[in-house]
Amino acid sequence: FRISIGLGILKDMFHIVAVNLYGNAVATETIELPYENSDAYYTALAANVELFIQKNHYAPEKIEGISIATQGIISPDGNAITYGDIMGNANMQLSDFSSRLPYPCHLEHDSKSAAFLELWNHPELDSAVIILLNRNLGGGIITNHQIHQGISMHSGTLEHMCINPDGPLCYCGSRGCLETYCSANALEQAAGIPAKEFFPLLREKKSPQIIQIWKDYLNHLAFAMKNLNLVID
């Protein structure tokens, strides 16, 4: 059987997953490796990928290719990250991987990868908006059964839709982005506690402050969803 390898690169770690031709994950591994734009980092990552392949006894000729998903805007030609303030990976190049791994490589925005997964799992979808309530908010737009990329590959970055021009400062440099209200980071900042502590307290319904923070979160999210529905329909 043939296998594709997926890499999910985060700030402090990366995930490896082997996917069969049915789209099912057949093996996964998470490796702690803080990201840095250096030869040492990419060499270590490639070595771990090769080890993963060997441990799972995948013949090299059976591997279709490697897809790398990361936080950051991909250039239209797919060869580089053009914007990557969260991870500081704006200098990441596709060649950083393809020069070290003897397989076809593909670079993709992590949110767009999630949208591709939705299309794979739900082939009946023609048009949709994907909202990822992650530590950093993410999103994607599906239209005519395709991921809408946009001329400069910014389409679907709904996390930077402004919902309050006088709101908190976002990592992108603007104020009041949806990211500053509806990401897991924003929720934790508003509550002053980790999300894993926030939700048990919310379910107890004993803290008016926690309840209000959650109501504000939902109101901002609903506001954004309403506007997205009006624009995209």
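In this text the structure is predicted, and so the values were computed from the model without any measurement.

Take the sheet that holds strand E4 (residues 63-70) next. Strand order in the open sheet made by the five strands is E3-E2-E1-E4-E7, with mixed pairing throughout. In the strand order of this sheet, the two ends are held by strand E3 (25-32) and strand E7 (105-109), each with one partner. The mean inter-strand angle of the sheet, taken between neighbouring strand axes irrespective of direction, is 20 degrees. Relative to E3, strand E2 (residues 13-20) runs antiparallel, the two being bridged by seven bridges.

So, on to unusual backbone geometry. For histidine 57, which is not glycine, the phi torsion reads 60 degrees and is therefore positive. Along the chain, the position of histidine 57 falls in the loop between helix H1 (39-55) and E4. Residue histidine 57 is classed as exposed on the basis of its relative accessible area of 71%. Unlike most non-glycine residues, lysine 205 shows phi in positive territory, near 55 degrees. Topologically, lysine 205 is positioned in the loop between helix H6 (195-204) and helix H7 (208-232).

Counting 32 residues, the largest nonpolar core has Ile5, Leu7, Ile9, Leu45, Ile66, Ile68 and Phe97 as its most contacted members. Secondary-structure elements contributing two or more residues to this core are strand E1 (3-9), E2, E3, H1, E4 and E7. Looking at this core element by element, the count peaks at seven residues for H1. What isoleucine 68 contacts, discounting residues up to four positions off in sequence, is Leu7, Ile9, Leu94, Phe97, Cys105, His106, Leu107 and Glu108.

Relative to the helices and strands, arginine 2 resides in the segment before E1. On a C-alpha basis, the gap between arginine 2 and glutamate 64 in space is 6.6 Å, while along the polypeptide they are 62 residues apart. At a separation of 3.0 Å, a polar atom in the side chain of arginine 2 contacts the main-chain carbonyl oxygen of glutamate 61. Separated by 2.2 Å, the side chains of arginine 2 and glutamate 64 make a polar contact.

Put simply, the second largest pocket is a space of about 310 Å³. What lines the second largest pocket is a set of 15 residues, and nearest its centre among them are Thr180, Tyr181, Ala186, Leu187 and Ala190. Looking at the lining of the second largest pocket, the elements that each hand over two or more residues are helix H4 (179-182), helix H5 (184-191) and H7. Here the lining of the second largest pocket is built from residues that sort into eight nonpolar, five polar and two charged.

Right, let's talk about the environment of serine 155 for a bit. Mapped onto the secondary structure, serine 155 falls in the loop between strand E10 (146-147) and H4. Serine 155 sits in the buried class, given a relative accessible area of 16%. On a C-alpha basis, the gap between serine 155 and glycine 140 in space is 7.3 Å, while along the polypeptide they are 15 residues apart. Residues contacting serine 155, with those up to four places away along its chain left out, are Lys112, Ile141, His148, Gln149 and Gly150. Polar side-chain contacts of serine 155 include one of 2.6 Å to the side chain of histidine 148.

Strand order in this open sheet of three strands is E8-E9-E10, and the pairing throughout is antiparallel. The strands lining the two open edges of the sheet, one partner per strand, are strand E8 (128-132) and E10. Summarising the sheet, E8 and strand E9 (residues 138-143) pair through five bridges and their orientation is antiparallel. Bridge pairing in E9 places isoleucine 130 opposite glycine 140. Of the strands in this sheet, E8 and E9 are in contact with H7, which crosses E8 at around 155 degrees.

With that out of the way, let us pick up the packing of aromatic side chains. Summed over all chains, the structure comprises eight aromatic pairs. With a centroid separation of 6.3 Å and 55 degrees between ring planes, the pair formed by phenylalanine 198 and tryptophan 214 is classed as tilted. Placement of phenylalanine 198 in helix H6 and of tryptophan 214 in helix H7 is noted, with a sequence separation of 16 residues between them. In this structure tryptophan 214 comes out as partly exposed when scored by relative accessible area, which is 23%. An angle of 10 degrees between the planes, with centres 5.0 Å apart, marks the rings of tryptophan 214 and tyrosine 217 as stacked. Of the two residues, tryptophan 214 and tyrosine 217 are both situated in helix H7; the distance of three residues between them amounts to about one turn of the helix. We classify tyrosine 217 as buried; its relative accessible area is 6%. Taken together through their ring pairs, the aromatic side chains of Tyr35, Tyr41, Tyr42 and Phe97 make up a single cluster.

About the cut-offs
- Residues numbered from 1 in each chain as written.
- Predicted model: local features only at pLDDT ≥ 70, side-chain atom pairs only at ≥ 80, totals over all residues.
- Heavy atoms only, no water.
- Pairing = 2+ DSSP bridges.
- Helix = DSSP H or I, 4+ residues; strand = E, 2+ residues; numbered from the N terminus.
- Axes fitted to C-alpha atoms, helices over the stretch in contact; angles between N-to-C directions.
- Buried < 20%, exposed > 50% of the residue type's maximum accessible area, 1.4 Å probe, protein only.
- Core = buried A, V, L, I, M, F, W, Y, C linked by side-chain atoms within 4.5 Å.
- Contact = heavy atoms within 4.5 Å.
- Polar contact = N/O pair within 3.5 Å; in protein donor to acceptor, adjacent residues only side chain to side chain.
- 1 Å grid on protein atoms, 1.4 Å probe; cavity = no way out; pocket = protein on both sides within 12 Å on 5 of 7 lines; lining within 4 Å.
- Points joined across faces, edges and corners; volume = space filled by probe spheres on them.
- Nonpolar A, V, L, I, M, F, W, Y, C, P; charged D, E, K, R; others polar.
- Phe/Tyr/Trp six-rings, centres within 6.5 Å; stacked < 30°, edge-to-face > 60°.

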